[in-house]
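Notes for the structure review
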Amino acid sequence: MEDAHVPPQDASVPPQDERRGISRKRLLKAALAAVPLPMLLGGVALARDAGTAQQPLTPTPFCDDGDDPTPPQIEGPYFKPDSPERTSLLEPGLPGTRLTVSGYVFGVTCRPIAHTLLDFWQADTNGEYDNTGFRLRGHQFTDSRGAFTLETIVPGLYPGRTRHLHVKVQAPHEQILTTQLYFPGEPRNQTDPIFDPALLMNVRQAGPAKEATFDVVLNVGQQPTGGPTAPGGTWAAGTDYRTGDQVTYAGTTYRCRQVHTARTGWEPPSAPALWQRV
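Taking an unreviewed UniProt entry as the reference, the protein chain is identified by name as Carbohydrate-binding protein belonging to Streptomyces celluloflavus.

Okay, structure coming up:
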């Protein structure tokens, strides 16, 4: 999946705030101190609750720990394309506390966005990522209501980071949002330089498992427009495509990057997560 955002700043160049004598961590701790305690304990407002507000919603913040594009000589929690399409990352024998994450994807006008692609990846209960296979990696699409549900486990900790889930979100014909979802009440939330309280999930205990909710808000204006139609070619909505399949669209050849069922709005030029130009 190509990420349309600006690459992270070179680590060798001190951030502007640090050159002024104000470290990023200081600013973060000040921000945390200003956040009401209920929010840090899981009482995070959901976008769906603001549906009757007259003002547009605030888009979900971009959050990237610099893991893509992947430096080949550095190990870390790297994004991998071509993850399997699935709503459950659970596998037989997978240790860890079960976690269900559910929510909606909205535009800034609080209208749900159907067929939005969400690609999740995370560490296992020991804080390790599977960089050879696709354990605890998978993508899915929101339903007609803009809703999604993910079954997984609570990720473990590893040096320098608090507990988190990675996700890339892309609405049809829109740019990719790369962000992370965080857990309330984690001690490392106060020391992780990437942590953003706006990305806290609501988390509650559900027997031996946990349930979390989070609504993603994409910077999409949602002006009513007609859906595009394929101007000739072999690509067709409703077709089941496998990795490596090739199609033509508007005179150009594309290779399928991951298994999916084609939908209107996910034509090859509009869905770089699914199609690579040959």
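Additional details are given in the paragraphs that follow.
**So, the nonpolar core**
V101, V105, V169, M201 and L218 are the most contacted members of the largest nonpolar core, which totals 31 residues. Apart from residues lying up to four places away in sequence, V105 is in contact with R111, P112, I113, T116, L118, T142, G146, F148, V169, V216 and L218. By size, the runner-up hydrophobic cluster in this structure holds 14 residues, among which are F141, V247, Y249 and A271.

**Regarding the pairing of strand β8 (residues 209-213)**
For strand β1 (residues 98-106) and β8, the ladder comprises four bridges, and the chain directions are parallel. Residue T100 lies in a different strand from β8, and its bridge partner there is E211. Strand direction decides the pairing type here: strand β7 (residues 202-206) and β8, joined by five bridges, are antiparallel. Looking at the pairing, V203 lines up with A212 of β8.

**Topic: the sheet that holds strand β11 (residues 246-249)**
Pairing is antiparallel across the open sheet formed by three strands, whose spatial order is β11-β12-β14. Unpaired on one side and paired on the other, β11 and β14 (275-277) mark the two borders of the sheet. Put simply, the sheet's adjacent strands are angled 40 degrees from each other on average, direction ignored. Summarising the sheet, strand β12 (residues 252-256) and β14 pair through three bridges and their orientation is antiparallel. Note that in β14 the partner of R255 across the bridge is Q276.

**Section: the pairing of strand β5 (residues 164-170)**
Burial runs high along β5: seven of the seven residues are buried. The side-chain alternation of β5 yields two buried faces, one formed by H164, H166, K168 and Q170 and the other by L165, V167 and V169. As judged from the five bridges shared by strand β2 (residues 117-121) and β5, these two strands associate in the antiparallel manner. Of the residues in β5, the one forming a bridge with D119 is K168. As judged from the seven bridges shared by β5 and strand β6 (residues 176-182), these two strands associate in the antiparallel manner. Paired with K168 across the strands is T178, a residue of β6.

How each quantity is defined
- Residues numbered from 1 in each chain as written.
- Predicted model: local features only at pLDDT ≥ 70, side-chain atom pairs only at ≥ 80, totals over all residues.
- Heavy atoms only, no water.
- Core = buried A, V, L, I, M, F, W, Y, C linked by side-chain atoms within 4.5 Å.
- Buried < 20%, exposed > 50% of the residue type's maximum accessible area, 1.4 Å probe, protein only.
- Contact = heavy atoms within 4.5 Å.
- Pairing = 2+ DSSP bridges.
- Helix = DSSP H or I, 4+ residues; strand = E, 2+ residues; numbered from the N terminus.
- Axes fitted to C-alpha atoms, helices over the stretch in contact; angles between N-to-C directions.

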